[in-house]
Amino acid sequence: MLVEQKLNTLLELINTSTNDELIWINGYLNGILAKQRTIEVQPEVKKGINKITITYGTETGNSKKLATTFAAKAKKHGVNAKVQSLDQYRLSDLTKEEYFLAVISTHGDGEPPAAAKKFYDHVHQNGFKLSKLKYSVLALGDTSYPLFCKAGEDVDEQLNKLGGNRIAPLQKCDIDYEAEADQWFERIISSLNDTSNNLQTVSVTPSVKKSSGKKIYTGKILTHINLNDIDSSKQTFHIEIESEDVAYAPGDSIGIIPENKKGLVQKIISLTGIDAEKNIDYKGELVSVYDLLHKKLNIINLPERVVNKYATVVQQEIPSTKIDLIDLLKIYPVKDKEQFTEVLKQLEPTVPRLYSISSSPEMHSGEVHITVAKNCFLVNGEVKYGLASEFLSLLNEETELKFYVHPNHQFRLPQEDKNLIMIGPGTGIAPFRSFIAERDATGASGKNWLFFGDQHFTSDFLYQTEIQNWVETNLLTKVDTAFSRDQEEKIYVQHKMLQKGPEFFEWLHAGSYVYVCGAKEPMSVDVEQTLLKIIEQFGDRSKEDAVKYLDNLKEEGRYVTDVY
């Protein structure tokens, strides 16, 4: 509302103005108002943290994927993030860090991934203090294993012992980790941008994903055949499992918990005198002694930590070693059934074994296929077999089998028009059978080159008929095989790669994706060294530039491994 003097002035101006002048005045006033509306009032900036270090220790690539994603999200919140693999992290920088995140997976018997081993050992040396460090750890694992997320737990605890303060509690994630990982990082960002400008550190209350998060499928075995010929020294089984609602992607694996032999279970029961039908509380449910020993508990090759617990129960000195339960009972017997009941409580669950899926969800709907090599070895001159591979080798068609899908988000097919180079000796062929079948079913236009190897052409050429059919139909553009024992000098897939070096580099430089699956050592190491030679020799690069070239391939997701 205008005061009277201003109102009179305005009315006089209006009354003495022509129609054109009034239009001009109206436009002028509207312009002034519009200009005022565009003036932005700068909000009060909350002063927070603008720099963090995000590290990762990974075996399959999941930790790296998360760390990279977190860095992008941090940038959107105005926080600069340096991302680095723990095997490349300069250990002397740790004492200088102020805000530090670690994303680390657990492998083997509660061990850190190889890329994180140097860092893991460093923080356990206790030779320094981290008084200004604010940190948090995201641990990836699989709740099916007794030492779930152990590597992450160890790093979190050790950083705290060295004087570091937690930004957020340790977050432990199962194989379906995405949602909880995102929530963990949101808590981190919230803490970093705390409006009080005083970062509040917290005591540890680890968050754990419920083990019920994994979907357990029940399937029926449709096909169970030995892929090796009768004169082979190996047995490799192709197993097809029918499961109507199974969902997976090429590159994934399935986890199977093997059962112990019934005969061995009966021997243990007879040796201890315990009632096979006696029920024992196991993870909140009553399970008979027989079912515990047969289906639930690991009784083969007990780790040292379990042997030490056994020694405490029986009150005897037992050397730290790996040993079967039945041998422990024979050498250091329990005194009665009650003592054996205590021993049962110290045993750990049978851990699942992972097998690469060798089928395609598009080509083999409602089915999942695996390729299993029966593991045979000698212990003190006695022939022994791997628990899971022997269990699977003895199954019959129509048998029911429980399993879960273990996703591998890094080992994925690229766009349908991209070319693939697949290197998979032995059972390493499994995911590539999945890849090729999927590309066939979807009509992918990219070219496919397969390197396969084993001992003998006549007895060990796994999926030979299928591979020949793929070549005849041009689904496989190229195939190179290496049968190591068919000539005096052993020939492996890496030798075939080098022989085809010029063409290999031509494919590589044109944008092809390279996948490697099979034994970690020595195969995958030899393959990578050969790849570096090809890049150096046929790409006309120095050793240093060849390493950089390969590193770029890894960064782009064009060189991916799934090794064991």
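Residues numbered from 1 in each chain as written. Predicted model: local features only at pLDDT ≥ 70, side-chain atom pairs only at ≥ 80, totals over all residues. Heavy atoms only, no water.

## Digging into the sheet that holds strand β18 (residues 420-423)
Across the sheet, which stays open at both edges, the 5 strands sit in the order β20-β19-β18-β21-β22 with parallel pairing between neighbours. Strand pairing shows two members of the sheet lacking a second neighbour, β20 (478-483) and β22 (559-563), which therefore form its edges. Neighbouring strand axes in the sheet, compared pairwise and without regard to direction, differ in orientation by 10° on average. (Pairing = 2+ DSSP bridges. Helix = DSSP H or I, 4+ residues; strand = E, 2+ residues; numbered from the N terminus. Axes fitted to C-alpha atoms, helices over the stretch in contact; angles between N-to-C directions.)

## Comments concerning the pairing of strand β2 (residues 80-85)
Across 6 bridges, strand β1 (residues 51-57) lies against β2 in parallel orientation. Bridge pairing in β2 places Ile 54 opposite Val 83. Crossover β1 to β2 through helix α3 (residues 62-76) is right-handed. (Right-handed = clockwise from strand over helix to strand, strands pointing away.)

## Observations regarding helix α9 (residues 304-314)
Considered for burial, the residues of α9 that qualify are Val 306, Val 307, Tyr 310, Ala 311, Val 313 and Val 314. Projected down its long axis, α9 carries its buried residues within an arc of 160°, all on one side. Here the buried face of α9 lies against α10 (325-331) and α11 (337-346). Just downstream of α9 lies Gln 315, where phi reads positive at about 55°. (Buried < 20%, exposed > 50% of the residue type's maximum accessible area, 1.4 Å probe, protein only. Arc of directions from axis to C-beta. Contact = heavy atoms within 4.5 Å.)

## Topic: the pattern of salt bridges
Under the criterion given, the structure shown has 28 salt bridges. Across the salt bridge formed by Lys 150 and Asp 154, the nearest N and O atoms sit 2.8 Å from each other. Taken together, the residues Lys 150 and Asp 154, both in helix α5 (residues 150-161) and 4 residues apart, mark about one turn of the helix. A relative accessible area of 28% places Lys 150 in the partly exposed class. Its relative accessible area of 12% is what places Asp 154 among the buried residues. Linking Asp 156 and Arg 166 is a salt bridge whose minimum nitrogen-to-oxygen distance equals 3.1 Å. Of the two residues, Asp 156 is situated in helix α5 and Arg 166 in strand β5 (residues 165-166); the sequence distance between them amounts to 10 residues. Judged by relative accessible area, Asp 156 falls into the buried class, the value being 3%. (Salt bridge = Lys/Arg side-chain N within 4 Å of Asp/Glu carboxyl O.)

## As for helix α8 (residues 289-296)
Those residues of α8 that fall on the buried side of the exposure criterion are Val 289, Tyr 290, Leu 292, Leu 293 and His 294. Of the surrounding elements, those touching the buried residues of α8 are α7 (262-272), β11 (279-282), β12 (285-288), α10 and α11.

## Some thoughts on the confidence of the model for the chain
Summing up the model confidence of the chain, the mean pLDDT is 89 and the portion of residues at 70 or higher is 88%. In the predicted structure, residues 37-46 sits below a pLDDT of 50 and forms 1 contact with residues beyond four places in sequence or in another chain. Every residue in residues 195-212 is under pLDDT 50, and counting partners more than four places away or in other chains gives 39 contacts. (pLDDT = per-residue confidence, 0-100.)

## Some points on the sheet that holds strand β10 (residues 253-256)
Pairing is antiparallel across the open sheet formed by 6 strands, whose spatial order is β13-β10-β17-β8-β9-β14. The open sheet terminates on both sides in strands that have one partner only, identified here as β13 (353-356) and β14 (367-373). Neighbour to neighbour, the strand axes of the sheet diverge by 40° on average, direction disregarded.

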